[in-house]
Amino acid sequence: MSKMKAIMKREPKMGAELVTVDIPEPSDSEVLVKVIATSICGTDAHIYKWDKWSQSRIKTPMVFGHEFAGEVVKVGKNVKGIKAGDFISAESHIPCGHCKVCKNGQMHICTNLKILGVDTQGCFAEYAVIPEICAWKNNKDMPPHIAAIQEPLGNAVYTALSTDITGRSMAIFGDGPAGLFSTGVANVGGASRIFLLGTYEFNLNIGKRMGATETINVFKETDYVRKIIEATDGDGVDVVLEMSGAEKAIQDGFRVLRKGGTFVAFGIPSDEIRLNFAETLIFKGANIIGINGREMFRTWIKMKELLDSKKLNPEPVITHQIPFDKFRDGFELMLDTQDHKAAKIVMKL
Ligand SMILES: [Zn+2]
Ligand SMILES: [Zn+2]
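Rules behind the numbers
- Residues numbered from 1 in each chain as written.
- Chains lettered and ligands numbered in written order.
- Predicted model: local features only at pLDDT ≥ 70, side-chain atom pairs only at ≥ 80, totals over all residues.
- Helix = DSSP H or I, 4+ residues; strand = E, 2+ residues; numbered from the N terminus.
- Buried ≥ 20, exposed ≤ 12 C-beta atoms within 10 Å, placed from the backbone.
- Contact = placed C-beta atoms within 7 Å.
- Pairing = 2+ DSSP bridges.
- Axes fitted to C-alpha atoms, helices over the stretch in contact; angles between N-to-C directions.
- Parallel < 35°, antiparallel > 145°, perpendicular 65-115°, else oblique.
- Left-handed = near helix turned anticlockwise from the far one by under 90°.
- Nonpolar A, V, L, I, M, F, W, Y, C, P; charged D, E, K, R; others polar.
- Core = buried A, V, L, I, M, F, W, Y, C linked by C-beta atoms within 7 Å.
- Domains from an automatic or database assignment.

> Even after reading the chapter, I still don't get the overall build of the chain, so can you show me in this structure?
Secondary structure summary: the chain contains 12 helices and 18 strands in total. In terms of its C-alpha atoms, the chain occupies a principal-axis envelope of roughly 65 × 45 × 35 Å. Taken across its 349 residues, the chain has 46% of its residues classed as buried. If you take every contact in the chain between residues at least 6 apart in sequence, the share linking residues at least 24 apart comes to 69%.

Take a look at the structure:
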């Protein structure tokens, strides 16, 4: 038994294939994990679709995927904190551990950062190898579909709790999993009002279940900027979480932000964006926080507390659990913009 099934991007074109490849060997500082559940990220959908970004970043052939949980089956000889039998989730940001940024306690944005399943062989497979530093130990009783989505949920924990939100009004732009998870975290964090803005009725309804006080379909209610400003006594919201990466959302995010408010940027625009620097930033006295990944491991510690205590329930965002072999159905659900009926999709092995 030295072979495994894996979802591979074999050629530089649309799609992916189920193939049989060698089970990877962990190095001295790595662990080999039997994948139990893995979820599809927007990044994976980009790779599947083979868009401009993937064409410039991904080298085929490669096994992709970076969100997963599984059981450790083998550890390298220098691994100290993880042992065979541990139930772990993966942190997808692989730091070097030696650069100034790592030494400054910011491993998640390491100068020499590698991303699992983008720069290295990923987890859409029966087995995956990760460095010990990226293995996060879970309670054994955590359901695999919840354990698998901690990487994207961690983005939301980091984003929503990056500034003081208790008793503050918020606008969250983007109704994909990142926006929906953030809504749940913001709600648990004590935000007084949460305006969730998105484009899909299906997702906005999940947002209501996650704690949004008001949902806005930006295609239907096009004067939402005025509406939010009026609803906040003419001031605008205290905090904006930008989870979409859309240029218009970023611009409008600053429009609905009150003077002296905080804009938290997570969504990645596909191109350069236009902003009036003086109006949006200087005269507004705005604070801006950029978010990439999860703080290693402050975010994971907070997330563990929120999940173990059952204060945070990410369940409504996980709309599908499908068998690994049916991965094409998963990608099609994600890429369907006409009849969009999916948020987070988990594949089970
Ligand atoms: Zn992801
Ligand atoms: Zn580093």
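> How should I be thinking about the sheet that holds strand S2 (residues 17-22) in this particular structure?
Overall, antiparallel pairing links the 3 strands, which are arranged S2-S1-S4 in an open sheet. Each having just a single partner strand, S2 and strand S4 (62-63) make up the two edges of the open sheet. Judged from the 6 bridges that link them, strand S1 (residues 3-9) and S2 form a sheet pairing that is antiparallel. Within S2, the residue paired with Met8 across the bridge is Glu17.

> Help me out: how do you make sense of unusual backbone geometry in this one?
Negative phi is the rule for most residues except glycine; trans is the rule for most peptide bonds. Thr60 connects to Pro61 through a cis peptide bond whose omega is 0 degrees. Relative to the helices and strands, Pro61 resides in the loop between helix H2 (52-57) and S4. With an omega dihedral of 10 degrees, the bond running from Met296 to Phe297 counts as a cis peptide bond. Note that Phe297 resides in the loop between strand S16 (287-290) and helix H11 (298-308). Look at Trp50: it is not a glycine, yet its phi comes out positive at around 60 degrees. Of note, Trp50 is situated in the loop between helix H1 (42-49) and H2. The backbone of Asp233 shows a phi angle near 55 degrees, a positive value even though the residue is not glycine. Along the chain, Asp233 falls in the loop between helix H8 (224-231) and strand S14 (237-242). Since 9 C-beta atoms lie within 10 Å of it, Asp233 is described here as exposed.

> I'm lost on the packing of helix H5 (residues 150-160) against helix H6 (residues 177-188) in this one. Help?
Each pair of packed helices can be described by the angle between their axes along with the distance between the axes. It is the contact of H5 with H6, at a shortest axis distance of 8 Å, that shows an interaxial angle of 50 degrees. For the element pair H5 / H6, the angle class is oblique. Taken as a pair, H5 and H6 cross one another with a handedness that is right-handed. Residues Pro152, Leu153, Asn155, Ala156, Val157, Thr159 and Ala160 of H5 form the contact with H6, whose own contacting residues are Pro177, Ala178, Phe181, Ser182, Val185 and Ala186. Its residues placed into classes, the contact of H5 with H6 shows 10 nonpolar, 3 polar and no charged.

> Could you clarify how one ought to interpret the packing of H5 against H11 in this entry?
Running from amino to carboxyl end, H5 crosses H11 at an angle of 100 degrees, the nearest separation of the two axes being 9 Å. As the angle between them shows, H5 and H11 are arranged roughly perpendicular. Contacts between H5 and H11 involve Gln150, Leu153, Gly154, Val157 and Tyr158 from the first element and Thr299, Trp300, Lys302 and Met303 from the second. Of the residues that constitute the contact of H5 with H11, the class distribution is 5 nonpolar, 3 polar and 1 charged.

> Please explain the nonpolar core as it appears in this structure.
A general tendency of soluble globular proteins is for nonpolar side chains to be buried together. Counting 92 residues, the largest nonpolar core has Ala128, Met170, Ala171, Ile172, Val237, Val240 and Leu241 as the members making the most contacts within it. Contact partners of Ile172, with chain neighbours within four places excluded, come to Gly179, Ser182, Thr183, Ala186, Ile194, Leu196, Leu197, Leu241 and Met243.

> Help me understand the pairing of strand S5 (residues 67-75), please; the structure alone is not making it clear to me.
Along any regular strand, the residues point their side chains to alternate faces of the sheet. Pairing of strand S3 (residues 30-40) with S5, which is carried by 8 bridges, proceeds in the antiparallel orientation. Along S5, the bridge assignment pairs Ala37 with Ala69. The sheet contact formed by S5 and strand S6 (residues 87-90) spans 3 bridges and is antiparallel. Considered in S6, the bridge of Gly70 is made with Ile88.

> Teacher, can you tell me more about the pairing of strand S17 (residues 318-323) here?
Pairing analysis gives 5 bridges linking S17 to strand S18 (residues 344-348), with the strands arranged parallel. Bridge pairing in S18 links Pro323 to Lys348.

> Looking at this model, I keep getting lost on the environment of Ser2. Mind explaining?
Within the secondary structure, Ser2 sits in the segment before S1. Assessed through the 6 C-beta atoms surrounding it within 10 Å, Ser2 is described here as exposed. For the pair Ser2 and Asp22, spaced 20 residues apart in sequence, the C-alpha separation works out to 5.9 Å.

> What is the right way to read the domain arrangement of the chain from this model?
Think of interface size as the accessible area that goes away when the parts come together; that is how it is often given. Domain boundaries in the chain define domain 1 (3-149 + 314-348) and domain 2 (156-290). Here the C-alpha centre of domain 2 lies 28 Å away from the C-alpha centre of domain 1. Opposite the 9 residues of domain 1 that make contact, domain 2 presents 12 residues. Of the residues belonging to the side of domain 1 that touches domain 2, the class tally is 5 nonpolar, 2 polar and 2 charged.

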